[in-house]
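Listed below, chain by chain, are the residues.
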Amino acid sequence: PELFNTLKERFFNDPFIRVYPDAISINDGYADFNITATHPDIRAKWGASSLHNFRDGLKEDWDRADFEMVETIKVRTRRLDSFIEEIGITEIPYLHVDAQGEDLNVLRSLGKYVTIVKEGQVEATNQINLYDNDGNHMNEVVKWLIGNGFTLVDIRGNDKLQAEVNIKFKRK
């Protein structure tokens, strides 16, 4: 909620940006959202907050100060196809997904609207899985992208351990 309010205030007068207090997921409904600790050495406040729980043993593999859940709240979850229909979106020139373990489900939630996405970037697990049972591994994401008419542009690690990767893609 604090991040949502900050973004809402920051972009209040920008006609091209609208901020919504929902989580994008595979189901319309409500879910627990785990909020992580903030730390002065970590650039992104609440950057690892997620619909997923951290997996057991994560601290042994990747010890980061913000890998600690400090609060859980209920949030509304939305599928992208429901959101697209409600807002009336006809084209998505660029889709950037960094949903902390929920990335593949965000893509899947496009449903029949996957064809309106022209290009984008998605984050996936590579070497170290952060969350319990998220199914967001690089191989699964790549398989989904290729199976849905995208070509891969670049796959690049986004941390010093190569735990996660950013996958850039575009429509064939």
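Here goes a summary of the coordinates provided. (Residues numbered from 1 in each chain as written. Predicted model: local features only at pLDDT ≥ 70, side-chain atom pairs only at ≥ 80, totals over all residues. Heavy atoms only, no water.)

### A look at the packing of aromatic side chains
The test is simple: For this analysis, a ring pair means two rings from Phe, Tyr or Trp (six-membered ring only for Trp) whose centres lie within 6.5 Å, classed as stacked if their planes differ by under 30 degrees, edge-to-face if by over 60, and tilted for the remaining angles. A helix here means a DSSP run of H or I that spans at least four residues, while a strand means a run of E at least two residues long, and both kinds are numbered starting from the N terminus. Here the term buried applies to any residue with accessible area under 20% of the maximum for its type, exposed to any over 50%, and partly exposed to those in between, with areas from a 1.4 Å probe on protein chains only.
In this structure the tally under the stated criterion is 6 aromatic pairs. Seen in terms of ring centroids, Phe54 and Tyr131 are 5.4 Å apart; in terms of plane orientation they differ by 10°. Their pairing is stacked. Taken as a pair, Phe54 in the loop between strand S2 (29-36) and helix H2 (58-61) and Tyr131 in the loop between strand S5 (119-125) and helix H5 (138-147) lie far apart in primary sequence, 77 residues in all. Each member of the pair, Phe54 as well as Tyr131, carries the same accessibility label: buried. For the pair Trp62 and Phe67, a centre-to-centre distance of 5.1 Å together with 85° between the ring planes defines the contact as edge-to-face. Residue classification places Phe67 among the buried positions, given a relative accessible area of 5%.

### Focus: the pairing of strand S3 (residues 69-78)
Keep this limit in mind: Pairing between two strands requires that DSSP report at least two bridges joining them.
Pairing analysis gives 2 bridges linking strand S1 (residues 23-24) to S3, with the strands arranged parallel. Within S3, the residue paired with Ala23 across the bridge is Thr77. Here S2 runs beside S3; their pairing, made up of 8 bridges, is antiparallel. The residue bridging Asn34 from the neighbouring strand is Thr72, located in S3.

### Some details on the environment of Ile89
Keep this limit in mind: Every residue pair with non-hydrogen atoms within 4.5 Å of one another is taken to be in contact.
Looking at the secondary structure, you find Ile89 in the loop between helix H3 (80-87) and strand S4 (95-97). Taking the C-alpha atoms as reference, Ile89 lies 9.5 Å from Tyr113; in sequence the two are 24 residues apart. Beyond its immediate chain neighbours, meaning those up to four positions away, Ile89 contacts Phe83, Ile84 and Ile116.

### Focus: the environment of Val117
As for its position among the elements, Val117 is in the loop between helix H4 (103-108) and S5. Each C-alpha atom, one on Val117 and one on Phe150, is 9.4 Å from the other, the two residues being 33 residues apart in sequence. Aside from chain neighbours lying at most four places away, what touches Val117 is Ile92, Leu95, Leu110, Phe150, Phe169 and Arg171.

### Comments concerning the nonpolar core
Rules: Residues belong to a common nonpolar core when they are buried Ala, Val, Leu, Ile, Met, Phe, Trp, Tyr or Cys residues joined through side-chain atoms within 4.5 Å.
Counting 24 residues, the largest nonpolar core has Leu107, Leu110, Val122, Val141, Trp144, Leu145 and Ile167 as the members making the most contacts within it. Of all the elements in the fold, those that place two or more residues in this core are H3, S4, H4, S5, H5 and strand S7 (164-171). When near neighbours in sequence (up to four residues on either side) are disregarded, Val122 contacts Val97, Asp103, Leu107, Val141, Leu145, Val165, Asn166, Ile167 and Phe169. One finds Phe54, Leu58, Phe67 and Ile128 within the second-largest nonpolar core, a separate group that totals 9 residues.

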